[in-house]
Amino acid sequence: MTTTYAKKHVNLLNIIENKKINTQYFILKVQAPHDISNLLPGQFVNILVADTRHAFLRRPISIYDIHPQERTIDLLIQVVGEGTHLLSKLKAGEQVDILYPLGKSFSLLESGKIALLVGGGVGIAPLLFLAKKLYRKGVDVHILLGGKGSNNIIETKNFEKYGKVYIATEDGSQGERGLLTQHSILRKSDFDMIYSCGPDAMMRAVANIAAKHTIECEVSLENMMACGIGSCLCCVTPTKSGHQCVCSDGPVFNTKTLEWNK
Amino acid sequence: MNTSKLKLAVKIGNLEFKNPVMTASGTFGYGPEFEDFIDINRLGGIVVKGTTLNAREGNNYPRMAETPSGMLNAVGLQNKGVDVFCNEIYPRIQDYKTNIFVNVSGSTVEEYVKTAERINELEHIPGIELNISCPNVKEGGMAFGTSCPSAVAVTHAVRQVYKKTMVVKLSPNVTNIADIAKAVEAVGADGISLINTLLAMAINAETRRAVLSTTTGGLSGPAIKPIALRMVWQVAQAVKIPIMGMGGIMNSTDAIEFMLAGATAIQIGTANFIDPSVSMKVIDGIEDYMKRHHIQDINSLIGGMLQQ
């Protein structure tokens, strides 16, 4: 994981656009008052949901993409509860309170290497920015996206700009039928790194496949958090060096360091 | 009124605080986590993460549950132990120009004493907060703070070895908190801090399981503020030593209310998670309040709630 230090901010950001993708997903585009070119793939922001007793804490959301010239950050969000439902109602011209940038990034392969990015459901959120960075470095990027059905397969055109896209759906409505982790691309062993984000069970299965082929594997975890900056110690995951905070020691971890069975 | 003439300084024991605004243990790390957001030197004080004699891994995940207007935690005093604090963390924070308190916890009286002895050697740590109220550990912690004899035993023992300012952090999970406060005052506490979290739980109806790995945890946030305020007021009636009040303080109005109830200083806890810069806003807001109400010296607010 890359440990470049970027000063954190807590600010009201202007909402430039709230783009609905389908009933489940939307992309919030916000504009920062500062330069954001040092934001890295795998980092996240923590959004305050206003006007609710139930969504008391901030919502951690992956950075989906950045546009440094416009100083805008895209956040791909899935509606899962009251907090994300309220966020989906935000409109261009309004403001939202955001704490950013948080966490450590994926490590970036060098030019000429081959990467496989595996995203399940909203787990694709940190992978677009990663695909873009890797592509621009000259890495050969392959992207496997999966979900229950074609409704969960979104944004494929964006991913196709940076690499070859493979799809798996459980109902067979798009791409190969079956679980993401059963996709034929995962039988190939010539990747230098597998990056993954999605449901816990999926990431564990991907990590096992990577280990079988002795491929390095980084996953982005999404434990429940309170602070997002490593002060509350609520979001810990067991690792070979004890409990570590997903928010500040992660969210990206090399799977070799995790003690997933504890 | 000239702002520069406002007097915000308060005293606990022999220790002066530049203002009454502190950050609560377990919500502020050791300080560096917040350097991007605030000027730590502007704070009256900070209470760093609960420290024990030996390293503790804490409880298993999940350790947190969001609840209406609050949250539960069951961290379980995860920390690297007093040696790592003294050798690695203290050098990083010793130059802060604010009163650094170490929150001291243990499973036995002996562990409290040994930890306090080590902290006593640190020149730039002017005080400890004796934590006899952690609800998330199997042994010790809250068990010491829920009966007068055990609260007295640990406070008395630590008082023998700890020579600087010692405040005792009380549990709200008792029948009569004023009795415990009087008991620890009698054996040499310089101040009382209250309240720690309220024992609580959350269940996920869909999975039919407790949300926390430990089933129960400690409730904090604005949901507990009215209870905390009542307890600060009750303890203020019962003891002569100063009080650090806390429990759901989210803004300067909340802070003022705690002072009116009888707190000399206040601690901001869970609010640090929502807004890491909140402590500065609380100081600014207290100054504004003093100007609006023509109050020159903040000490005149302490216990200043008017009678009906």
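Please read these numbers as outputs of a predicted model, since none were measured by experiment. (Residues numbered from 1 in each chain as written. Chains lettered and ligands numbered in written order. Predicted model: local features only at pLDDT ≥ 70, side-chain atom pairs only at ≥ 80, totals over all residues. Heavy atoms only, no water.)

**Notes on the overall build of chain A**
Worth spelling out the cut-off: Helix and strand definitions here come from DSSP, where helices need a minimum of 4 consecutive H or I residues and strands a minimum of 2 consecutive E residues; each element is numbered from the N-terminal end. For the radius of gyration, the atoms used are the C-alpha atoms, and the globule rule reads 2.2 Å times the number of residues raised to 0.38. Buried, partly exposed and exposed residues are distinguished by accessible area as a fraction of the type maximum, computed with a 1.4 Å probe on protein chains only: under 20%, between the cut-offs, and over 50%, respectively. Any two residues having at least one pair of non-hydrogen atoms within 4.5 Å are treated as being in contact. Surface accessibility in these figures is a Shrake-Rupley result with a 1.4 Å probe; residues are shielded only by whichever protein chains are displayed. Here the positive residues are Lys and Arg and the negative ones are Asp and Glu; neither His nor the chain ends is included. To locate a charge, the coordinates of NZ of Lys, CZ of Arg, CG of Asp or CD of Glu are taken.
What chain A contains, in helices and strands, is four helices and 16 strands. Taking 18 Å as the expected radius of gyration for a compact globule of 262 residues, we find that chain A reaches 17 Å, a close match to that expectation. Oriented by its inertia axes, the alpha-carbon framework of chain A measures out at about 45 × 40 × 35 Å. Sorting the 262 residues of chain A into buried and exposed places 58% on the buried side. In chain A, of all internal contacts separated by at least 6 residues, the share reaching a separation of at least 24 is 63%. Summed over its atoms, the accessible surface of chain A is roughly 10,900 Å², and 48% of this surface lies on carbon and sulfur atoms. Averaged over its 29 positive side-chain charges, chain A has a centre that lies 1 Å from the centre of its 24 negative ones.

**With respect to the overall build of chain B**
The number of helices and strands found in chain B is eight helices and 16 strands. For 308 residues, the compact-globule formula gives about 19 Å, and the C-alpha radius of gyration of chain B, at 18 Å, lands near that figure. Burial status across chain B gives 60% buried among its 308 residues. If you take every contact in chain B between residues at least 6 apart in sequence, the share linking residues at least 24 apart comes to 72%.

**Side note on the pairing of strand β4 (residues 45-51) of chain B**
All names here are of chain B. Note the threshold: Whether two strands pair comes down to DSSP finding at least two bridges between them.
Among the seven residues in β4, seven count as buried, and that is most of the element. Taken together, the two bridges between strand β3 (residues 21-23) and β4 define a ladder with parallel strand orientation. What sits directly across from Thr23, in β4, is Ile46.

**Digging into the nonpolar core**
The criterion, for reference: By convention a nonpolar core is built from buried Ala, Val, Leu, Ile, Met, Phe, Trp, Tyr and Cys residues, the set being connected through side-chain atoms within 4.5 Å.
Among the nonpolar cores identified, the biggest contains 141 residues, and Phe85, Ile119, Val158, Leu194 and Ile266 of chain B are the most heavily contacted of them. Among the elements that make up this core, the one with the highest residue count is helix α8 (residues 278-292) of chain B (seven residues). Ignoring anything within four residues of it in the chain, the contact list for Ile266 of chain B reads Pro20, Val21, Met22, Gly245, Ile249, Ala255, Phe258, Met259 and Val282 of chain B. Ranked by size, the runner-up nonpolar core spans 28 residues in total, among them Leu130, Leu134, Leu145 and Ile167 of chain A.

**Some details on the domain arrangement of chain A**
Residue and element names in this part refer to chain A. What counts, and what does not: What fixes the domain bounds is an automatic or database domain assignment. When two parts are brought into contact, each loses some accessible area as probed by a 1.4 Å sphere; the total of that loss over both is the buried area.
For chain A, the domain assignment lists domain 1 (9-102), domain 2 (114-220) and domain 3 (223-262). A straight line from the C-alpha centre of domain 2 to that of domain 3 covers 22 Å. Approximately 790 Å² of surface area, both sides summed, lies buried where domain 2 meets domain 3, with 50% of it carried by carbon and sulfur atoms. When the area that domain 2 buries against domain 3 is broken down by residue, the three leading residues are Arg204, Glu216 and Val219, summing to 53%.

**Details of unusual backbone geometry**
Most of the time, phi is negative for any residue but glycine, and the peptide bond is trans. Pro101 of chain A follows Tyr100 of chain A through a cis peptide bond whose omega is -15°. With respect to the helices and strands, Pro101 of chain A occurs in strand β7 (residues 95-102). The linkage connecting Leu194 of chain B with the following residue, Ile195 of chain B, adopts the cis geometry, with an omega of 10°. In this structure, Ile195 of chain B sits in the loop between β10 (191-194) and β11 (198-201). A positive phi angle, near 60°, is found at Leu233 of chain A, a position not held by glycine.

**Some points on the pairing of strand β8 (residues 114-120) of chain A**
Residues and elements named next belong to chain A. Operational definition: When the strands point away from the viewer, a crossover counts as right-handed if the path from the first strand over the helix to the second runs clockwise.
Counting buried positions along β8 yields seven of seven residues, so the element is predominantly enclosed. Both faces of β8 are covered, namely the face carrying Ile114, Leu116, Val118 and Gly120 and the face carrying Ala115, Leu117 and Gly119. Bridge count between β8 and strand β9 (residues 140-147): seven bridges; the pairing is parallel. Bridge pairing in β9 links Ile114 to Asp140. Taking the sense of rotation as the criterion, the β-α-β connection linking β8, helix α2 (residues 127-137) and β9 turns out right-handed.

**Some details on the side chain of Ser277 of chain B**
With respect to the secondary-structure elements, Ser277 of chain B resides in the loop between α7 (271-274) and α8. In this structure Ser277 of chain B comes out as buried when scored by relative accessible area, which is 10%. Discounting chain neighbours no more than four positions away, the residues touching Ser277 of chain B are Val10 of chain A together with Phe37 and Ile38 of chain B.

**Comments concerning the packing of aromatic side chains**
Residue and element names in this part refer to chain B. Threshold: Put simply, two rings from Phe, Tyr or Trp (the six-membered ring, in Trp's case) pair if the centres are within 6.5 Å, and we call them stacked under 30 degrees between planes, edge-to-face over 60, tilted for the rest.
Within this structure, the stated rule accounts for six aromatic pairs over all chains. Between Tyr30 and Phe85 the ring centres are 6.0 Å apart and the planes differ by 35°, which places this aromatic pair in the tilted class. Of the two residues, Tyr30 is situated in the loop between β3 and β4 and Phe85 in helix α1 (residues 82-93); the sequence distance between them amounts to 55 residues. The burial state of Tyr30 is the same as that of Phe85; both residues are buried.

**Some points on empty space enclosed by the protein**
Residues and elements named next belong to chain B. Short version of the rule: Only protein atoms enter the 1 Å grid used here, on which a cavity is any set of points holding a 1.4 Å probe that cannot leave and a pocket is any open set flanked by protein within 12 Å on both sides along at least five of seven lines; residues with an atom within 4 Å of a point are listed as lining. Grid points are joined across faces, edges and corners, and a volume is the space filled by probe spheres set on the points. Residues were grouped as follows: Ala, Val, Leu, Ile, Met, Phe, Trp, Tyr, Cys and Pro as nonpolar; Asp, Glu, Lys and Arg as charged; and all remaining residues, including Gly, as polar.
For the structure shown, the criterion picks out one cavity of 30 Å³ or more. Of the voids in this model, the largest cavity is the one considered here, and its volume is about 500 Å³. Taken together, 35 residues make up the lining of the largest cavity; nearest its centre are Ser25, Thr27, Asn73, Asn196 and Thr197. Partitioning the lining of the largest cavity into residue classes produces 15 nonpolar, 18 polar and two charged.

**A closer look at the interface of chain B and chain A**
So the rule is basically this: The rule for a salt bridge is simple: a side-chain nitrogen of Lys or Arg has to be within 4 Å of a carboxyl oxygen of Asp or Glu. A 3.5 Å cut-off defines polar contacts: any pair of N or O atoms within that distance qualifies, except that in protein one atom must be a possible hydrogen donor and the other a possible acceptor, and neighbouring residues in sequence count only when both atoms are side-chain atoms.
Listed per partner, the contact involves 36 residues of chain B and 30 residues of chain A. Interface area for chain B against chain A, summed over the two sides, is near 2,700 Å², with a carbon-plus-sulfur share of 61%. Of all residues in chain B, the largest losses of buried area upon contact with chain A belong to Asp36, Tyr61 and Ile274 of chain B, amounting jointly to 26% of the total for that side. The interface formed by chain B and chain A includes one salt bridge. One salt bridge in this structure joins Glu66 of chain B and Arg59 of chain A, with 2.8 Å as the shortest N-O distance. Summed over the shared surface of chain B and chain A, the result is twelve residue pairs in polar contact (both at pLDDT 80 or more).

**Quick look at helix α4 (residues 177-186) of chain B**
All names here are of chain B. Where α4 is concerned, the buried positions are Ile177, Ala178, Ile180, Ala181, Ala183 and Val184. On its buried face, α4 sits against α3 (148-161), β9 (165-169), β10 and α5 (225-238). Capping the start of α4, Asn176 holds a side-chain oxygen 3.0 Å from the backbone nitrogen of Ala178, two or three residues further along. Directly after α4, the chain includes Gly188, whose backbone phi takes a positive value near 105°.

**Some thoughts on the pattern of salt bridges**
Residue and element names in this part refer to chain B. This model, assessed by the stated rule, comprises 19 salt bridges over all chains. In this structure, the salt-bridge partner of Arg92 is Glu35, at a minimum N-O distance of 3.1 Å. Pair noted here: Arg92 is in helix α1 and Glu35 is in the loop between β3 and β4, with a separation of 57 residues, a long-range link. Residue class for Arg92 comes out partly exposed when judged on its relative accessible area of 46%.

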